[in-house]
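The primary structure of each chain is shown beneath.
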Amino acid sequence: MHSRRPGGRAVLWSALALALTATTACSAEAGGAAPATGSKPVTGGKLVYATDSEPDCWDPHTSAQDVTAFVQRPVFDSLVYQTPDGELKPWLAKSWTIGEDGRSYTFTLRDGVAFHDGTKLDAAAVKANFDHITDKKTQSQYAAGLLGPYESALVKSPTEIEVRFTRPYAPFLQAASTTYLGIASPASLKKGAEALCAGTTAVGTGPFKAGAYTRGQQRAYTRNADYAWAPEGAGHTGPARLDSFALRFITEDATRVGALTSGQVDAAGAVPPQQAGAVKRDPKLTLTSRSVPGAVDAFYLNTKGALFSDVRVRRAFQLSVDLDALVGSVFQGTGTRAWSLLSPTTPDSYDKSLEKSWPHDPAKAAALLDEAGWKGRDADGYRTKDGKVLTISAPVYGQASLFSQAVQGELKKAGIKLDLAASTDAAEVSGRLDSGRYDVVELSWARADGDILSHFLLSTETSAGGGHNFARVADPKVDRLLKDAQAETDRAKRAALYAQVQRWALDQAVVVPAYVEQTTVAANRKVHGLRQSVAAWPEFYGAWVEAR
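By convention here, each chain's residues receive numbers from 1 onward along its written sequence. It should be noted that, the model being predicted, local features are given only for residues of pLDDT at least 70 and side-chain atom pairs only at 80 or more, the latter also being counted only at that level, while totals for whole chains, interfaces and linings use all residues. Hydrogen atoms and water are omitted, and side-chain values are computed over all heavy atoms in the structure.

Chain-level pLDDT for the protein is 91 on average; 93% of the residues reach the 70-or-more range. Confidence of the prediction at every residue is given by pLDDT, a number between 0 and 100. In what follows, a contact means two residues having at least one pair of non-hydrogen atoms within 4.5 Å. For residues 1-36, every residue scores under 50 in pLDDT, and the model assigns this stretch 162 contacts once sequence neighbours within four places are set aside.

In structure tokens, the structure reads:
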């Protein structure tokens, strides 16, 4: 990954971490908790959590990486809180009202909330954050998109702020619960982009204060002794139980798990499937797993490209890969094959009727390729047409994953050559994406709301414009369905609209879902209360550790 550099388009794709068949930095990973016991919670002590990735940029207003949201959640509170089961509760805002036309939200702020620098939270501070997110100088790669059709923020009184949109926008409350729209001290926002991205000036209202940071090694956090505004459903009240905790960045799987089994760390995320069994058998440890909400790991097919503009070739790709077998083999029983663009844990969005609706069918795939004119075969068994080999170009930022390589092998059986074009040059990769010089992009994206579909399928979400419509879809019907869903406040009706979009995407084979991201985390049995958030990241606020 590359560090953030002002002004560069390469920055956007570097910060996205481009899951692009390389990593899943845009998908969540989480911590688990030891089973409940009769032990009484302990106040004090410290905890060390080992994670597999580190942000390129620590400013959640700028970065699109999930790991940024995770590492800054203890520092930054939000206006709204989303409980682990998906319910929305007041947080920094003690209440809100929605305008009759659905185009405005008026928040009344809690009293007595203070930033870590001692300044008080007020409506002007909230406005300063929205101004920072939408300022072009911030180069927001995701937070600004979460604001959708944002128009302005109006301070109505010291404790009241109105957020306005150009059209009805029901997903806003969930968006306002994310770290990306977390509220920072206005003074810290003036430190500049470089300081904010470096992670040295993070000042929020959260239960922990940002402590010492050594790039590539560790980030420390210390308890905010004045914290008294936890939301309902947080599992704890008052200041955090831990005096401090630290995130240790250990990218190598065996080293990270070894640090846990040897007692160097108290918990470790991203436990690889091949080591999950050993962790389960260790009596000192617990292993938990949870499906991540949002967009599953999937292949987005470039419908404007010469190859996948033909729906027959897209459907052949869709039916050629035996996903049940691959997911079972690669993840060794810890993964789940995906049937929809959305994870089953995405609140009020997932269309369960899609399950089993498009099984592996190599015979039908072969017939479709024949019909599309790809009838020849070269010496390696790949299909040909007019002297050209059926080759799918897939940009990869970093190194291709084991799963991507398994898909490559599976496609070869169908006569399809998957070119995993790996590169560590973010400018090169972003250039290919912006210009449409690719056939497929593989990635996942965590969000606990079905509106994540808009980020990938709205025609306005172009790569060149900073969006994520990698399938390059431009269908008026889809745009209408997604905008109708954004205007709909009834949860069941929104779910029905999202179901139509999911069915359309599969019928047209513009996206081929692969697997549902699973969080796997191991923890020492002396660790308690390290529960998973709705996005499956660990929440350290209520965590505690038994006496050693």
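There is more to say, and it comes next.
What follows is about the packing of aromatic side chains. Note on aromatic contacts: the rings of Phe and Tyr and the six-membered ring of Trp form a pair at centre separations within 6.5 Å, being stacked when their planes are under 30 degrees apart, edge-to-face when over 60 apart, and tilted otherwise. The final tally for this structure, using the stated rule, is 32 aromatic pairs. Consider the rings of Tyr-227 and Tyr-541, whose centres lie 5.6 Å apart with planes at 70°: the pair is edge-to-face. You can see Tyr-227 sitting in the loop between β9 (218-223) and β10 (244-249) and its partner Tyr-541 sitting in the loop between β23 (527-528) and β24 (544-545), a full 314 residues away along the chain. Relative accessible area decides the class of each residue, using a 1.4 Å probe on protein chains only: under 20% of the type maximum gives buried, over 50% gives exposed, and in between gives partly exposed. Judged by relative accessible area, Tyr-227 falls into the buried class, the value being 2%. The class for Tyr-541 is buried, based on a relative accessible area of 10%. Put simply, the rings of Trp-96, Tyr-105, Phe-107, Phe-130, Tyr-150, Phe-165, Tyr-169 and Phe-172 pair up and form one aromatic cluster. Placement of a positive charge over a ring is assigned whenever Lys NZ or Arg CZ falls within 6 Å of the ring centre and within 35 degrees of the normal to the ring plane. Across the ring face of Tyr-221, the terminal group of Arg-219 is positioned such that the distance to the ring centre comes to 5.8 Å. When the ring centre of Trp-339 is taken as reference, the NZ or CZ atom of Arg-337 above it lies at 3.4 Å. Here a strand is any run of E in DSSP of at least two residues, a helix any run of H or I of at least four, and the numbering for each starts at the N terminus.

On to helix α10 (residues 311-320), then. Of all 10 residues in α10, 7 are buried, a share of seventy percent or more. Along α10, the residues that are buried comprise Val-313, Arg-314, Ala-316, Phe-317, Gln-318, Leu-319 and Ser-320. Those residues of α10 hidden inside the fold are in contact with β13 (294-301), α12 (362-371), β18 (391-397), α13 (402-413), α17 (491-507) and β21 (511-516). A side-chain oxygen of the first residue of α10 lies 2.9 Å from the backbone nitrogen of Arg-312; this N-cap is Asp-310. Here a polar contact means two N or O atoms within 3.5 Å. Within protein one must be a hydrogen donor candidate and the other an acceptor candidate, and residues neighboring in sequence count only if both atoms are side-chain atoms.

To form a nonpolar core, buried Ala, Val, Leu, Ile, Met, Phe, Trp, Tyr and Cys residues must be joined to one another through side-chain atoms within 4.5 Å. If you look at the biggest cluster of nonpolar residues, it comprises 146 residues, and the most contacted ones within it are Phe-107, Phe-172, Phe-403 and Leu-457. Once you skip the residues sitting within four places of it in the chain, Phe-403 turns out to touch Asp-297, Phe-299, Leu-323, Leu-326, Val-327, Val-330, Phe-331, Glu-442, Ala-514 and Tyr-515. One finds Val-48, Ile-250, Val-257 and Val-265 within the second-largest nonpolar core, a separate group that totals 12 residues.

Inspection of the secondary structure assignment puts Ser-177 in the loop between α5 (172-175) and α6 (186-189). With 269 residues separating them along the chain, Ser-177 and Ala-446 place their C-alpha atoms 14 Å apart. Those residues within four positions of Ser-177 in sequence are excluded, and the remaining contacts are Arg-73, Ser-78, Val-80, Tyr-81, Gln-82 and Leu-88.

The next subject is the sheet that holds strand β14 (residues 336-337). Across the sheet, 4 strands lie side by side as β14-β21-β13-β20; this open sheet has antiparallel pairing. This sheet does not close on itself; its edge strands, each paired only once, are β14 and β20 (440-446). One requirement defines pairing of two strands: DSSP has to find at least two bridges between them. Bridging between β14 and β21 involves 2 bridges; their strand directions are antiparallel. Pairing of Arg-337 across the sheet is with Tyr-515, part of β21. Lines are fitted to the C-alpha atoms to define the axes, a helix being fitted only along its stretch in contact, and any angle between axes, read from their N-to-C directions, falls within 0 to 180 degrees. Strand contacts of helix α11 (residues 323-331): β14 and β21, with the helix running at about 35° to β21, the strand carrying the most contacts.

A cavity, in this analysis, means grid points on a 1 Å lattice covering only the protein atoms where a 1.4 Å probe fits yet has no way out; a pocket is instead an open set bounded by protein on both sides within 12 Å along at least five of seven lines, and a residue lines either one if it has an atom within 4 Å of a point. Grid points are joined across faces, edges and corners, and a volume is the space filled by probe spheres set on the points. Here the structure, examined in full by the defined rule, presents 4 cavities of 30 Å³ or more. Within this model, the largest cavity holds a volume of roughly 360 Å³. Along the wall of the largest cavity there are 23 residues; nearest its centre are Arg-73, Thr-178, Thr-179, Ser-533 and Ala-535. Mapped by element, the contributors of at least two residues to the lining of the largest cavity are α2 (66-72) and β2 (80-82). Here the lining of the largest cavity takes 3 residues from α2, the largest share from any one element. Under the scheme applied here, ten amino acids are nonpolar (Ala, Val, Leu, Ile, Met, Phe, Trp, Tyr, Cys and Pro), four are charged (Asp, Glu, Lys and Arg), and all others, including Gly, are polar. Taken together, the residues that form the lining of the largest cavity break down as 13 nonpolar, 6 polar and 4 charged. In this structure, the second largest cavity spans a volume of roughly 110 Å³. Taken together, the residues that form the lining of the second largest cavity break down as 10 nonpolar, 7 polar and 1 charged.

The interhelical angle for the contact between helix α16 (residues 476-487) and α17, taken along N-to-C directions, is 155°, at an axis separation of 9 Å. In terms of their interaxial angle, α16 and α17 are classed as roughly antiparallel. At the point where α16 passes α17, the crossing takes the left-handed sense. Residue-level contacts link Val-478, Leu-481, Leu-482, Asp-484 and Ala-485 of α16 to Arg-494, Leu-497, Tyr-498, Gln-500, Val-501 and Trp-504 of α17. Between 65 and 115 degrees an angle is taken as roughly perpendicular, under 35 as roughly parallel, over 145 as roughly antiparallel, and anywhere else as oblique. Crossing chirality is assigned from the near helix's rotation relative to the far helix, an anticlockwise turn below a right angle marking it left-handed and a clockwise turn marking it right-handed.

Okay, the side chain of Asn-302 next. Assignment of secondary structure puts Asn-302 in the loop between β13 and α10. Taking relative accessible area as the criterion, Asn-302 reaches 0% and is therefore assigned buried. A distance of 3.2 Å separates a polar side-chain atom of Asn-302 from the backbone oxygen of Gly-436. Engagement of the side chain of Asn-302 in a polar contact is seen with the backbone oxygen of Tyr-438, the distance being 2.9 Å. What Asn-302 contacts, discounting residues up to four positions off in sequence, is Phe-308, Ser-309, Gly-436, Tyr-438, Asp-439, Phe-470, Ala-471 and Arg-472.

On the basis of which strands lie adjacent, the open sheet formed by 4 strands has the order β4-β5-β7-β6 and antiparallel pairing. A single partner strand is all that each edge strand has here, and the edge strands are β4 (93-98) and β6 (150-157). When the angles between neighbouring strand axes are averaged without regard to direction, this sheet yields 20°. Helix α3 (residues 123-134) rests against β5 (104-109), β6 and β7 (160-165) of the sheet, and its axis sits at about 165° to β6.

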